[in-house]
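Residue-level structural notes
Here are the chains, one letter per residue:
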Amino acid sequence: MNIYDIARLSGVSIATVSRVLNGSDKVSGKTRQKVLSVIQKEGYTPNLLAQGLGQGTMHVIGIMVPEISDLFMSSCVSFLETQLLSHGYNYVLSSSGFAQEKKEACARALLSRQIDALILVGSTYAGHEKKDTDFIRSAAAQVPVFIINGSVEGENIYSTVSDDREAVYATVTSMTANGRKRILFLSDSRSYSAREKLEGYEQALRDAGLPLLGDLKMHVPSGIHEVRDLLLQYRSLSFDAVLAVNDSIAVGAVKYACARGMRIPGDLVIVGYNNSTFAECCEPELSSIDNGTREICEQTAERLIRVLDGGKDVERNLAIPCRLIRRNTTDF
């Protein structure tokens, strides 16, 4: 299978197939989709090295994730794949883990593949201190770097984040307005995104005239049963609402409430985050904040293509609004 076969099966010229593979904007959307469908059906892989040598670009994007098994990460990769392929770009995926030295090694390995741009998926890459993100600025000296769900300052670095602080602030404000006084904040991370959520939580409590209590801010494991069992250990801890930084933690809180014989949402209101399949599989179904994953990825890919096409004045930082999806674990 070669480019001539793709042209014949698609009913277009070889030049049109080449334009599709190279991401040219001189092809209609209908024609591009027809060619890409044939490519996908036939399993055709273009000789990217030959293309790159002739055009000065490999049409390959590097994507780094800390953990591909994470539902948010895998969803992002799926959305990015669709967008990148539609513009004639392939991608190389690498899982870095969370250790700093492994993140840096992973970035170096991807850069050695002659990628055209680098996408970092996850707020862990935003680091805790400036030195944690030096490797990102180093990478940005070679190729454009795009960060999903994290913000890093530097030239040639582009960030797209969920407006987590505002989303949590609005949700906790609704909880307090509905009479909830002791709201438990559950997090399994100290990432950029988790910190933004915590700040929204604390500001909402301040504005409601409620105290910031250390025992109501809890760092927990990520497993559903582990969260349930940990909460069951704290029999003396009283709370009437839960805000969790992801849905799996929130499901653990639901299981805790069921084990205690508590009524949801009468005795305990619970809100998760990411609006994942966990929220719908849970019983009762979980209210969850939708962080706009699809839009974040689409905006990232769109700006990446604009940058690679030589576009100017491409937005460096974008914040995507979130919305609470109300199901059966809330009464407001």
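Preceding block: the structure.
Report on the accompanying structure. Bear in mind the structure is a predicted one, so any value in this text is a computation, not a measurement.

This next bit is on the side chain of Thr124. With respect to the helices and strands, Thr124 occurs in the loop between strand S3 (117–121) and helix H7 (134–140). Within the local environment of Thr124, its side chain forms a polar contact with the side chain of Lys103, the two groups lying 2.9 Å apart.

This part covers the packing of helix H5 (residues 71–86) against helix H13 (residues 293–308). Where H5 meets H13, the closest approach of the two axes is 9 Å, and the angle between their N-to-C directions is 40°. On the basis of their axis angle, the class for H5 and H13 is oblique. Crossing handedness for the pair H5 and H13: right-handed. Side by side, H5 and H13 meet where Phe72, Ser75, Cys76, Phe79, Leu80, Gln83 and Leu84 of the first sit next to Thr293, Arg294, Cys297, Glu298, Ala301 and Leu304 of the second. Tallied by class, residues from the contact of H5 with H13 come to eight nonpolar, three polar and two charged.

This part is about the sheet that holds strand S10 (residues 287–290). Ordered in space as S7-S6-S8-S9-S10-S12, the six strands form an open sheet in which the pairing is mixed. Pairing within the sheet leaves two strands with one partner each, and these edge strands are strand S7 (217–219) and strand S12 (323–325). Across the sheet, the mean angle separating the axes of adjacent strands is 20° when strand polarity is ignored. As paired strands, strand S9 (residues 269–273) and S10 are joined by three bridges and run parallel to one another. In the strand pairing of S10, Val271 is matched with Ser287. Helix H11 (residues 247–260) contacts strand S6 (183–187), strand S8 (241–244), S9 and S10 of the sheet and is inclined by roughly 160° relative to S9.

The next subject is the packing of aromatic side chains. Applying the stated criterion across every chain yields a total of three aromatic pairs. When the ring of Phe146 is compared with that of Tyr158, the centres are 4.7 Å apart and the planes differ by 15°; the resulting orientation is stacked. In this pair, Phe146 is assigned in strand S4 (residues 145–148) and Tyr158 in strand S5 (residues 157–162), connecting sequence segments 12 residues apart. With respect to class, Phe146 is no different from Tyr158; both count as buried.

Overall, parallel pairing links the six strands, which are arranged S2-S1-S3-S4-S5-S11 in an open sheet. Both outer strands of the open sheet, strand S2 (90–95) and strand S11 (317–320), are each paired with one neighbouring strand and no more. Looking at each pair of strands side by side, their axes are set apart by 15° on average, direction ignored. The pairing of S3 with S4 spans four bridges and is classified as parallel.

Let's shift gears to the nonpolar core. Most often, soluble globular proteins have nonpolar side chains that are buried together. Leu184, Leu186 and Ile270 are the most contacted members of the largest nonpolar core, which has 44 residues in total. Every element with two or more residues in this core is listed here: helix H8 (164–177), S6, helix H9 (192–207), helix H10 (224–233), S8, H11 and S9. Broken down by element, the residue count for this core peaks at seven residues, all from H11. Residue contacts for Leu186: discarding those within four places in its chain leaves Met218, Val220, Val227, Leu231, Val242, Leu243, Ala244, Val245, Ile249 and Ala253.

Quick notes on the rules
Residues numbered from 1 in each chain as written. Predicted model: local features only at pLDDT ≥ 70, side-chain atom pairs only at ≥ 80, totals over all residues. Heavy atoms only, no water. Helix = DSSP H or I, 4+ residues; strand = E, 2+ residues; numbered from the N terminus. Polar contact = N/O pair within 3.5 Å; in protein donor to acceptor, adjacent residues only side chain to side chain. Axes fitted to C-alpha atoms, helices over the stretch in contact; angles between N-to-C directions. Parallel < 35°, antiparallel > 145°, perpendicular 65-115°, else oblique. Left-handed = near helix turned anticlockwise from the far one by under 90°. Contact = heavy atoms within 4.5 Å. Nonpolar A, V, L, I, M, F, W, Y, C, P; charged D, E, K, R; others polar. Pairing = 2+ DSSP bridges. Phe/Tyr/Trp six-rings, centres within 6.5 Å; stacked < 30°, edge-to-face > 60°. Buried < 20%, exposed > 50% of the residue type's maximum accessible area, 1.4 Å probe, protein only. Core = buried A, V, L, I, M, F, W, Y, C linked by side-chain atoms within 4.5 Å.

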